[in-house]
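A structural walkthrough
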Amino acid sequence: MATTKLTLLLAIVLVLPGCTGGETPSPPQKDGLAEIGEALFNDVRLGADGRTNCATCHLSEFAFTDTRAVSVGAFGRKGTRNAPSLVGLIERGPQFWDGREGALSEAVMQPLGNPLEMGHDTVAAAMERIASLPEYRAFFGAEIKERDVSGALTSYLMSLDAAPSPFERAREAGDYTLLGARAKRGLELFQGKAQCASCHLMDASSSFSDQQFHHASVGFERIAGNIRPLLARLEQARHSGQPLGRMVLADVDIAELGRFAVTSDPKDMGAFRTPSLRNVARTAPYMHDGSIQSLEAAIEHELYYRGLTSGRPISLTVEERSDLAAFLSTLSTP
């Protein structure tokens, strides 16, 4: 049975657009469930327009981002959020910029039923499309359930984080001189004077995120004088049963409410989850709305904001900022 499924998986991958049967496939590095998840992730037939898949917004060559300020889904529909990298995801914990889901297995199904992502009005409609494809019925069985698709996609995404970054190799060796002089100085700034590690934790996960929600003073000033009618619009949408993920991607003003749209707690107004810094040098533009175009500009903004919130301005020389950028470049995986 295992051999039959592996043969089927290889057949699915090879018939997907962009794949050719003339190339010798690499030996599979994932289990069967992750392989079928990869097939689902890259299958444009799952998009309502027959042209959109998960990889439309998460391209492997850009550490599974799309280089756009905000992503564009099926039928050319533009959303409101910057696509984060999928490398180094956590399986349990806040998902999306606003943390509206608490598990990856729940989060992976949302794009399937969002008109601004995969184009379907509901997850059920996307499931009908998947169930109509004989390859997936052959793998999952005659009746394909949401948990089958969710489990496969989750398994694939959790398999992406394999190669160590230069920083991880240096940490494993216990020798940060391996990073080079500039990056080593940048590491010291990251941990000290620049105050980066207060939110971008340097723990064993190497995600460099505290998984908490912070105000980075990005975008909120545009809606600050229009909060009351905006909250009324949010409440009306909730009462009508509109999913939060759809609201966020369809309404650029509601998108700026951040974590508040989930919790209704005033302290969460305009707060967003601390992003991972894995591959940060390769995943411009930055912030939840993609409004900061370069790593250097992101460093500048973060230094200003951290100094503003702490009441102690952070002043780095041009050389120190360059050192900090050099360190952040060592967080990229091959």
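Model, not experiment: these values are computed from the prediction.

Pairing of strand S1 (residues 92-95) with strand S2 (residues 101-103), which is carried by 2 bridges, proceeds in the antiparallel orientation. Each residue of the ladder has a partner; that of Arg 92, found in S2, is Ala 103. Counting the residues that bridge the hairpin from S1 to S2 gives 5 residues, and of these Phe 96 lies at a positive phi of roughly 70°.

Here the focus is the pattern of salt bridges. Taken as a whole and assessed by the stated rule, the structure comprises 20 salt bridges. Of the charged contacts in the structure, one is a salt bridge between Arg 100 and Asp 98, with a shortest N-O distance of 3.1 Å. Asp 98 matches Arg 100 in its accessibility class, with the two residues each being buried. Salt-bridge contacts for Arg 185 lead to Asp 323; the nearest nitrogen and oxygen are separated by 2.9 Å. Pair noted here: Arg 185 is in helix H8 (residues 181-191) and Asp 323 is in helix H14 (residues 318-329), with a separation of 138 residues, a long-range link.

On to the nonpolar core, then. Core analysis: the biggest nonpolar cluster contains 30 residues, and Leu 40, Phe 41, Ile 130, Tyr 136, Val 149 and Leu 157 have the highest contact counts within it. Elements represented by at least two residues in this core include exactly helix H2 (32-42), helix H4 (123-131), helix H5 (134-140) and helix H6 (146-158). With 5 residues, the top contributor of residues to this core is H6. The contact partners of Leu 157, leaving out residues within four places of it in the chain, are Phe 41, Leu 86, Leu 89, Leu 104 and Val 108. Judged by nonpolar contacts, the second largest core, of 29 residues, contains Val 280, Ala 298, Ile 314 and Leu 331.

The next subject is the state of the cysteines. The tally for this structure, following the rule as stated, stands at 0 disulfides. Cysteine Cys 54 remains unbridged, with the sulfur of Cys 57 as its closest cysteine sulfur at 8.8 Å. Overall, Cys 54 belongs to the buried group, its relative accessible area being 18%. Cys 199 carries a free sulfur, and the closest cysteine sulfur to it, the one in Cys 196, is 9.3 Å from it.

In this structure the tally under the stated criterion is 9 aromatic pairs. A ring pair is formed by Phe 41 and Phe 64, whose centres lie 6.1 Å apart and whose planes are at 70°; its orientation type is edge-to-face. With Phe 41 in helix H2 and Phe 64 in the loop between H2 and S1, this pair connects stretches of sequence that are 23 residues apart. Residue Phe 41 is classed as buried on the basis of its relative accessible area of 4%.

Bringing H4 into the picture now. Taken together, the buried positions of H4 are Val 123, Ala 126, Met 127 and Ile 130. Take H4 and look down its axis: the buried residues cluster within an arc of 100°, on one side only. In the core, the buried residues of H4 are packed alongside H2, H5 and H6.

This part is about unusual backbone geometry. Pro 285 follows Ala 284 through a cis peptide bond whose omega is 0°. Relative to the helices and strands, Pro 285 resides in the loop between strand S4 (271-273) and helix H13 (295-310). The backbone of Gln 211 shows a phi angle near 60°, a positive value even though the residue is not glycine. Inspection of the secondary structure puts Gln 211 in the loop between H8 and strand S3 (213-215). A positive phi is found at Ser 264, a non-glycine position, where the angle reads about 60°. Along the chain, Ser 264 falls in the loop between helix H12 (260-263) and S4.

Before going further, it helps to spend a moment on the environment of Thr 274. Secondary-structure assignment places Thr 274 in the loop between S4 and H13. Separated by 58 residues in the primary sequence, Thr 274 and Ala 216 place their C-alpha atoms 9.4 Å from one another. If near-sequence neighbours (up to four positions away) are discounted, Thr 274 is found in contact with Cys 199, His 200, Phe 208, Ser 209, Asp 210, Gln 212 and His 214.

Another point: the confidence of the model for the protein. For the protein, mean pLDDT is 90; residues scoring 70 or higher make up 90% of the total. Confidence drops under a pLDDT of 50 for residues 17-29, and excluding neighbours within four residues, the segment shows 9 contacts in the predicted structure.

Looking at the element boundaries, Thr 283 is found in the loop between S4 and H13. On the accessibility criterion, Thr 283 (12% relative accessible area) is buried. Here the side chain of Thr 283 touches Asn 279 through a polar contact of 3.2 Å, landing on its backbone oxygen. A polar contact of 3.3 Å, which involves the side chain of Thr 283, links it to the backbone oxygen of Val 280. Excluding its chain neighbours within four sequence positions, the residues that come into contact with Thr 283 are Phe 62, Ala 63, Thr 65 and Ser 85.

Attention shifts here to the packing of H13 against H14. Running from N to C, H13 and H14 cross one another at 115°; their axes reach a closest spacing of 10 Å. As judged from the angle between their axes, H13 and H14 are roughly perpendicular. Here H13 and H14 pass one another in a crossing that is right-handed. Taken together, the residues of H14 that come into contact with H13 (itself represented by Leu 295, Ile 299, Glu 300 and Leu 303) are Arg 321, Leu 324, Ala 325 and Leu 328.

Thresholds, definitions, all that
Residues numbered from 1 in each chain as written. Predicted model: local features only at pLDDT ≥ 70, side-chain atom pairs only at ≥ 80, totals over all residues. Heavy atoms only, no water. Pairing = 2+ DSSP bridges. Helix = DSSP H or I, 4+ residues; strand = E, 2+ residues; numbered from the N terminus. Salt bridge = Lys/Arg side-chain N within 4 Å of Asp/Glu carboxyl O. Buried < 20%, exposed > 50% of the residue type's maximum accessible area, 1.4 Å probe, protein only. Core = buried A, V, L, I, M, F, W, Y, C linked by side-chain atoms within 4.5 Å. Contact = heavy atoms within 4.5 Å. Disulfide = S-S within 2.5 Å. Phe/Tyr/Trp six-rings, centres within 6.5 Å; stacked < 30°, edge-to-face > 60°. Arc of directions from axis to C-beta. pLDDT = per-residue confidence, 0-100. Polar contact = N/O pair within 3.5 Å; in protein donor to acceptor, adjacent residues only side chain to side chain. Axes fitted to C-alpha atoms, helices over the stretch in contact; angles between N-to-C directions. Parallel < 35°, antiparallel > 145°, perpendicular 65-115°, else oblique. Left-handed = near helix turned anticlockwise from the far one by under 90°.

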